[in-house]
Amino acid sequence: MSTKWAMLAWAGPGLLLVAAAPAERTVEVNTLVPITVQGVPGRMRIDPGAPGHPLLTPEYAAKAGLKGGGMLGFDVIYHVGNQTIHGRTQTAKFGLNGVFQNQRVIWTARPYAAGIDAVIGPAGIPASIIRFALHPALPSERTIALPMAGGTGMFASWESLSGQIMVGGAPMRVRFDPNHPLTIANAGAAERLARAFDGRLTGATGSAEIAFGIARPVRGMTLARPVTIGPLSLPALHVRVADGSIAAIPDANAPPPDPDEIVVTARRKHDPSNDRITLGADTLARCSAIVFDKAARQVRLTCA
């Protein structure tokens, strides 16, 4: 998922706190928290993989009387594969856990997630440390600190926060999404992983939801040498096969090549900064906590 900005008429957050924001906040995954927007109550999920600003459903935005546009409003565009989701923004009075502030909120034509009024990522939570409690601790688990990616510059609070590992001599983002079942690499990340760890595409093409209820084609990929992310070892994952070139990844299902055949493949320019692995519930089942430490610029992952 990517985001583009249109009609940039930026206004600072203009915080009007009526209660002190905590230095640290613990979030129980899969628990909804009460919020208000313009005094209208709703239910929100704090999601480790979501963008920083509150993303509202169109129904909740309508209940709160949000209109968007005007001098301080601008449009946003989210891209999920070949689909585009348009959003509108407005500064509104936003209340969470007794803290009220003038906060820019976004609402989109399609909900980010079903069954809830809003979602927000750790970049938008008014706390220096956000700890996501995933599962009970395991005796064999350990904690690793990854460098934090995202959350800097003019639009720091808009971004999704992620960890970062090195693959093939370049950084690769690691996103955390316990609300979707599969661990998935986008096409650029999959090609790099295949080169570094001898990857092979396997099995038939299926589909997996990415965000906003949009599903994209995926296939399995096995790695001869597992990629390690702290205590986690990943011998296999899924690949988004339709959102970029995967021509360089060998296919375990393909027949042996004809030695007399000439194969020509075209490659688009690859931007490694867009490469990312999203750890889904299948991998995060081995983890008890994810901690986003904004001040230290670390993501601490505790897993077995």
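Caption draft 1: Fine view of the state of the cysteines. All told, the structure shown has one disulfide when counted by the stated rule. Two residues share a disulfide in this structure: Cys-287 and Cys-303, whose sulfurs sit 2.0 Å from each other. Here Cys-287 and Cys-303 share a disulfide; its torsion about the S-S bond, 95°, makes the bridge right-handed. Of this pair, Cys-287 sits in strand β19 (residues 287-293) while Cys-303 sits in strand β20 (residues 298-303), and the two are 16 residues apart along the sequence. The pair Cys-287 / Cys-303 is uniform in exposure class, with both members buried.

Caption draft 2: Inspection of the sheet that holds strand β17 (residues 232-240) at higher detail. Read across the sheet, twelve strands follow the order β2-β10-β19-β20-β11-β12-β13-β18-β14-β17-β16-β15 without closing on themselves; strand pairing throughout is mixed. A single partner strand is all that each edge strand has here, and the edge strands are β2 (24-28) and β15 (199-211). For strand β14 (residues 184-185) and β17, the ladder comprises two bridges, and the chain directions are parallel. Bridge pairing in β17 places Ile-184 opposite His-238.

Caption draft 3: Here's a closer look at the pattern of salt bridges. All chains considered together, the criterion is met by eight salt bridges. Across the pair Asp-251 and Arg-219 runs a salt bridge, and its minimum N-O distance is 2.8 Å. Highlighted residues: Asp-251 in the loop between β17 and β18 (276-279) and Arg-219 in strand β16 (residues 214-229), separated in sequence by 32 residues. For Asp-251, a relative accessible area of 31% corresponds to the partly exposed category. A relative accessible area of 10% places Arg-219 in the buried class. The salt bridge partner of Arg-300 is Asp-293, with a shortest N-O separation of 3.1 Å. You can call Arg-300 partly exposed: its relative accessible area is 22%. Judged by relative accessible area, Asp-293 falls into the buried class, the value being 8%. Look at the salt bridges and you will find they share partners, linking Arg-216, Arg-240 and Asp-243 into a network.

Caption draft 4: Looking closely at the packing of aromatic side chains. Under the definition given, this model contains four aromatic pairs. Ring plane angle 80° and centroid distance 5.1 Å describe the contact between Tyr-112 and Phe-212, whose orientation is recorded as edge-to-face. You can see Tyr-112 sitting in the loop between β8 (99-108) and β9 (118-120) and its partner Phe-212 sitting in the loop between β15 and β16, a full 100 residues away along the chain. Here Tyr-112 and Phe-212 have matching classes, each one buried. Ring centres 6.1 Å apart and planes at 85° place the aromatic pair Phe-176 and Phe-292 in the edge-to-face group. Highlighted residues: Phe-176 in strand β13 (residues 170-176) and Phe-292 in strand β19, separated in sequence by 116 residues.

Caption draft 5: Fine view of the nonpolar core. In terms of nonpolar packing, the biggest core is built from 62 residues, with Phe-176, Leu-193 and Met-221 touching the most fellow members. Among the elements that make up this core, the one with the highest residue count is helix α2 (residues 187-197) (six residues). Judged by nonpolar contacts, the second largest core, of 20 residues, contains Phe-74, Ala-211, Ile-214 and Val-218.

Caption draft 6: Representation of α2 within the structure. The buried fraction of α2 is high, at nine of eleven residues. Looking one or two residues beyond α2, the residue adopting positive phi is Asp-198, at roughly 55°.

Caption draft 7: Inspection of the side chain of His-53 at higher detail. Within the secondary structure layout, His-53 lies in the loop between β4 (40-46) and β5 (55-56). Assessed through its relative accessible area of 5%, His-53 is described here as buried.

The rules behind these values
Residues numbered from 1 in each chain as written. Predicted model: local features only at pLDDT ≥ 70, side-chain atom pairs only at ≥ 80, totals over all residues. Heavy atoms only, no water. Disulfide = S-S within 2.5 Å. Helix = DSSP H or I, 4+ residues; strand = E, 2+ residues; numbered from the N terminus. Buried < 20%, exposed > 50% of the residue type's maximum accessible area, 1.4 Å probe, protein only. Pairing = 2+ DSSP bridges. Salt bridge = Lys/Arg side-chain N within 4 Å of Asp/Glu carboxyl O. Phe/Tyr/Trp six-rings, centres within 6.5 Å; stacked < 30°, edge-to-face > 60°. Core = buried A, V, L, I, M, F, W, Y, C linked by side-chain atoms within 4.5 Å.

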